[in-house]
Amino acid sequence: MGPTRHDLLTIGQLAERSGMATSALRYYEKLGLIHAERTTGNQRRFARSTLRRVAFVRAAQQVGLSLDEVHTALDRLPHDRAPSHQEWNAVATAWQSRIDRQIAELELMKAKLTGCIGCGCLSLSRCALYNAGDRAAESGPGARYLLTRDPSTGPEPRPSQD
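1. Let's talk about the nonpolar core
- Counting 22 residues, the largest nonpolar core has Leu14, Leu25, Ile34, Phe56, Val70, Leu74 and Trp95 as its most contacted members.
- Contributing elements (two or more residues each) for this core: helix 1 (11–18), helix 2 (22–31), helix 3 (50–62), helix 4 (67–75) and helix 5 (85–116).
- A total of five residues in this core trace back to one element, the largest contributor, which is helix 3.
- If sequence neighbours within four positions are ignored, Leu14 has contacts with Leu9, Leu25, Ile34, Phe46, Thr50 and Leu51.

Right under this line is the structure:
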């Protein structure tokens, strides 16, 4: 037996309880992140367990996961009931390596940013944070573009060591 009408939430109630705009909930439904039943008048009705799915989407976005990644994870969870502790853990475990990689990337960015303070490059467009394959680095340390006669052709070549 399915949920009774008292177990279902309107989109307005879901929005109020979840803190999300109704437009965002409609978008989540369009993406297949949440599911609604329709009344005979074509109004959306959401199971109360949808609140957990919405909270899950928001938490995943907070840690930088894409909606595609969230969709993949939610596809592994039941649509008609709240997931069990084991089901939630399986999804969380699947994300551990993704989150670990993200932490490593942030640590690297932090180290680069620390190194950038006072580097003197004077150009965010040529900064190693924004220009990871910086061709100026091949010409040696320092503000290589400041030594270049024509910035469009790149830095001056490193003096030969003959």
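2. Structural notes on helix 4
- The set of residues buried in helix 4 consists of Val70, Ala73 and Leu74. Here the buried residues of helix 4 occupy an arc of 95° about the axis, which is enough to place them on one side.

3. Observations regarding the sheet that holds strand 3 (residues 44–47)
- In spatial order, the strands read 1-3-2; together these three strands make up an open sheet with antiparallel pairing. Taken across any chain shown, the strands that pair with only one partner, and hence form the sheet edges, are strand 1 (8–9) and strand 2 (37–38).
- Examined bridge by bridge, strand 2 and strand 3 share two bridges and lie antiparallel to one another. Looking at strand 3, one finds that Glu37 is bridged to Arg45.

4. Quick notes on the packing of aromatic side chains
- Applying the stated criterion across every chain yields a total of two aromatic pairs.
- Plain terms: the ring middles of Phe56 and Trp88 are 4.8 Å apart, the flat faces sit at 45° to each other, and that makes the pair tilted. Of the two residues, Phe56 is situated in helix 3 and Trp88 in helix 5; the sequence distance between them amounts to 32 residues.
- On the basis of relative accessibility, which here comes to 21%, the residue Trp88 falls in the partly exposed class.

5. Regarding the pattern of salt bridges
- In the structure shown here, the tally under the stated rule is two salt bridges.
- Among the ionic pairs, Arg44 bridges to Glu29, the shortest N-O distance being 2.4 Å. Of this pair, Arg44 sits in strand 3 while Glu29 sits in helix 2, and the two are 15 residues apart along the sequence.
- Overall, Glu29 belongs to the buried group, its relative accessible area being 17%.
- Of the charged contacts in the structure, one is a salt bridge between Glu69 and Arg98, with a shortest N-O distance of 2.7 Å. Here Glu69 is found in helix 4, whereas its partner Arg98 is found in helix 5, with 29 residues between them in sequence.
- Classification of Glu69 by relative accessible area gives partly exposed; the value is 25%.

Parameters at a glance
- Residues numbered from 1 in each chain as written.
- Predicted model: local features only at pLDDT ≥ 70, side-chain atom pairs only at ≥ 80, totals over all residues.
- Heavy atoms only, no water.
- Core = buried A, V, L, I, M, F, W, Y, C linked by side-chain atoms within 4.5 Å.
- Buried < 20%, exposed > 50% of the residue type's maximum accessible area, 1.4 Å probe, protein only.
- Helix = DSSP H or I, 4+ residues; strand = E, 2+ residues; numbered from the N terminus.
- Contact = heavy atoms within 4.5 Å.
- Arc of directions from axis to C-beta.
- Pairing = 2+ DSSP bridges.
- Phe/Tyr/Trp six-rings, centres within 6.5 Å; stacked < 30°, edge-to-face > 60°.
- Salt bridge = Lys/Arg side-chain N within 4 Å of Asp/Glu carboxyl O.

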